[in-house]
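As a plain string of letters, each chain reads:
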Amino acid sequence: MSDITLSAGVRANLLSLQNTADMMASTQNRLATGKAVNSALDNPSNFFTSKGLNARAGELNNLMDSIGNATKVLEAADNGIKAITDLIESAQSTVKQAQSANSDAAGTNIQSDSNIDTTGTTGATTKARVESQTLTALGMTGVGNGGAADSNLVITSTSENGVTSTFDLDAHFAATGKALDDANGDGTTGDNYTISDLVDDINASGVATASITDDGRLDLKASGNSQLSLTITDQDATDNTTQDGATGTSIAAAFGFAASASEDLSSPADGDYVDAGETAVTWADGAAAGDVDTLTIVNQAGSTDADNSELVSQFNSIMDQIDELARDASFNGINLINGTGNDLTVAFNEYRDDNKSELTIASADLSSSGLSLTDASSLSSDEASLKLDSLSQALTTLRSQSSSFGSNLNTVTIREEFTKNMMNTLQTGADQLVLADTNEEGANMLALQTRQSLSTTALSLASQADQAVLSFLR
């Protein structure tokens, strides 16, 4: 091609056309790729800066997976804490049932040591004969007449808070119109007041539960109280009347308390009769004939607990469920509530040196042992109280740990959002350095196409000038 000689005009137009073609090729490449800088040759500074920004955005994007996993691990731990909290509240309910059963079993009880006197009665059984016995036949007089009664029967129950409730037979007769010879209080005599009527009226009062045993003894019980007392008084015409009735007419013997004695359960015995389950029995003979003889029996609430074996089984089963639930609260092999030493570290930037940014979330032991919860053995009154204390402390621990995990989750969520925004900033900045303005490149292409057409026309005109020389040679 070097042997071909072109005129100056043709060569100039050819060069212009070649430059235009090169620029069109470059513009077409920009339009095709959307980038103004496609290689380091286009713009080294922008190309490598953009490459670095995109590389960091890519590293941050890789961290998003671990941050997302950390969020799920914390959510799994929180779900576990909520479920364990529900189980502990269920355990509290079980212990409270045991306490209620213990309270019912730990009441007071006064029972005569022999059957009530049945002299003059008829009936197929001792119980039937006792129930038909009249209080008059037992020696009671003047009940309900107002003022100081000749005879009376008073039952007093004292609650654990010191509140007393009383059944006073004399006051009951005065309030209802009943009398020893008028059991229904209608003003008509002849229907004598019996032991059966007395039992019904005591039960109706709610002070205690009265009954007659099969062998004819008077039985008084009260649940959930601290003390129960029975006082029976009677005017006896004999001086020096004894409790067993050997001398004089003893109201104590008539009601079956002839041989009743105080019971001291302390070891060694202390003689105060005020300890749990102890009973104090006193007999006071009137100072002279005609004075009131008084039998007083005071029983302190016993410490007997109910049989809570079924509730114990339920409680221990809940403890097992707490352990199983703590083991199951894992995500992707990471468990934050089934023991210490399984901490979770979340990286927030791409550095692993002193410039690294990360959060270490400490694991916790929220199993039954980690919460200082142990199996129950009997759920007695003392054990039930201790269990409630430990369960309450466990709930406090769970709430504290839940708050800590919640704070960590909030931090991870904030950093996750920040990382997303940072990635967008890096990618946007990188694109601004290398992306082409398609509108501008389109306008350039149109101008280059016009220039190419003009260059082609100019080249044609230059060739026509050479052809004019050829015409002279013809």
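What comes next concerns the included structure. Just so we're clear, the structure is a prediction, and the values are computed from it rather than from any experiment.

**A few points about the overall build of the protein**
When helices and strands are counted, the protein shows nine helices and 12 strands. Taking the intrachain contacts of the protein between residues at least 6 apart in sequence as the baseline, contacts between residues at least 24 apart amount to 67%.

**Focus on the sheet that holds strand S5 (residues 218-222)**
The antiparallel open sheet is built from three strands, whose spatial order is S1-S5-S4. Only two strands of the sheet have a single neighbouring strand rather than two, namely strand S1 (108-111) and strand S4 (209-212). Strand after strand, the sheet turns through a mean of 15° between neighbouring axes, direction not considered. The sheet contact formed by S1 and S5 spans four bridges and is antiparallel. Paired with Gln 111 across the strands is Asp 219, a residue of S5. Sheet strands in contact with helix H5 (residues 195-205) are S4 and S5, and its direction is about 160° off that of S4.

**Thoughts on the nonpolar core**
Ranked by internal contacts, the top residues of the largest apolar core, which has 41 residues, are Ile 84, Ile 88 and Ile 361. For this core, the secondary-structure elements that each account for two or more residues are helix H2 (44-105), helix H7 (309-328), strand S11 (344-347), strand S12 (358-361) and helix H8 (381-434). Broken down by element, this core gets its largest block of residues, 12 residues, from H2. The residues contacting Ile 361, other than those within four sequence positions of it, are Leu 74, Leu 336, Asp 343, Leu 344, Val 346, Phe 405, Asn 408 and Val 412. Ile 155, Leu 169, Leu 228 and Ala 254 belong to the second largest nonpolar core, which has 37 residues in total.

**Observations regarding the pairing of strand S8 (residues 292-300)**
Of all nine residues in S8, seven are buried, a share of seventy percent or more. Inspection of the sheet shows strand S6 (residues 225-235) paired to S8 by nine bridges, in the antiparallel sense. The residue of S8 that forms the bridge with Leu 228 is Asn 299. With six bridges connecting them, strand S7 (residues 279-284) and S8 associate as antiparallel partners. In the strand pairing of S8, Thr 282 is matched with Thr 296.

**Digging into the side chain of Asn 299**
On the secondary structure map, Asn 299 appears in strand S8. Note on Asn 299: relative accessible area 5%, which makes it buried. Polar contacts involving the side chain of Asn 299 include one to the main-chain amide nitrogen of Asn 109, which spans 2.9 Å. Once residues within four sequence positions are removed from consideration, Asn 299 is found in contact with Thr 108, Asn 109, Ile 110, Ser 226, Gln 227, Leu 228, Gly 277, Glu 278 and Thr 279.

**Considerations on the sheet that holds strand S3 (residues 164-168)**
Reading across from one edge, S3-S2-S6-S8-S7 is the order of the five strands in this open sheet, with antiparallel pairing throughout. Both edges of this open sheet fall to S3 and S7, since each of them pairs with a single strand only. Strand-to-strand, the axes of this sheet are offset by a mean angle of 10°, without reference to chain direction. Helix H4 (residues 169-176) contacts strand S2 (152-159) and S3 of the sheet and is inclined by roughly 70° relative to S3. Sitting on the sheet, H5 touches S2 and S3, and the angle it makes with S3 is about 155°.

**A few points about the pattern of salt bridges**
For the structure on display, the rule yields four salt bridges. Residue Glu 75 is joined to Lys 72 by a salt bridge in which the shortest nitrogen-to-oxygen separation is 3.4 Å. One end of the pair is Glu 75 and the other is Lys 72, both in helix H2 and three residues apart, which spans about a single turn. Assessed through its relative accessible area of 33%, Glu 75 is described here as partly exposed. Its relative accessible area of 42% is what places Lys 72 among the partly exposed residues. For the salt bridge of Arg 217 with Asp 215, the shortest nitrogen-to-oxygen distance reads 3.1 Å.

**Describing the packing of aromatic side chains**
Going through the model one piece at a time under the given rule, you end up with one aromatic pair. Summarising the aromatic geometry, the rings of Phe 173 and Tyr 193 are spaced 4.8 Å apart at their centres and angled 80° between planes, so their arrangement reads as edge-to-face. Here the residue Phe 173 occupies a position in helix H4, and Tyr 193 occupies one in the loop between H4 and H5, the gap between them amounting to 20 residues. The two residues Phe 173 and Tyr 193 agree in class, both being buried.

**Topic: unusual backbone geometry**
Non-glycine residue Tyr 273 carries a positive phi angle of around 60°. Assignment of secondary structure puts Tyr 273 in the loop between helix H6 (251-254) and S7. Overall, the relative accessible area of 26% leaves Tyr 273 in the partly exposed class. Non-glycine residue Ser 372 carries a positive phi angle of around 60°. Here Ser 372 shows up in the loop between S12 and H8. A residue is classified by how much of its surface remains accessible, and Ser 372, at 57% relative accessible area, is exposed.

How each quantity is defined
Residues numbered from 1 in each chain as written. Predicted model: local features only at pLDDT ≥ 70, side-chain atom pairs only at ≥ 80, totals over all residues. Heavy atoms only, no water. Helix = DSSP H or I, 4+ residues; strand = E, 2+ residues; numbered from the N terminus. Contact = heavy atoms within 4.5 Å. Pairing = 2+ DSSP bridges. Axes fitted to C-alpha atoms, helices over the stretch in contact; angles between N-to-C directions. Core = buried A, V, L, I, M, F, W, Y, C linked by side-chain atoms within 4.5 Å. Buried < 20%, exposed > 50% of the residue type's maximum accessible area, 1.4 Å probe, protein only. Polar contact = N/O pair within 3.5 Å; in protein donor to acceptor, adjacent residues only side chain to side chain. Salt bridge = Lys/Arg side-chain N within 4 Å of Asp/Glu carboxyl O. Phe/Tyr/Trp six-rings, centres within 6.5 Å; stacked < 30°, edge-to-face > 60°.

Remember that the coordinates give geometry; whether it matters functionally is a separate question.
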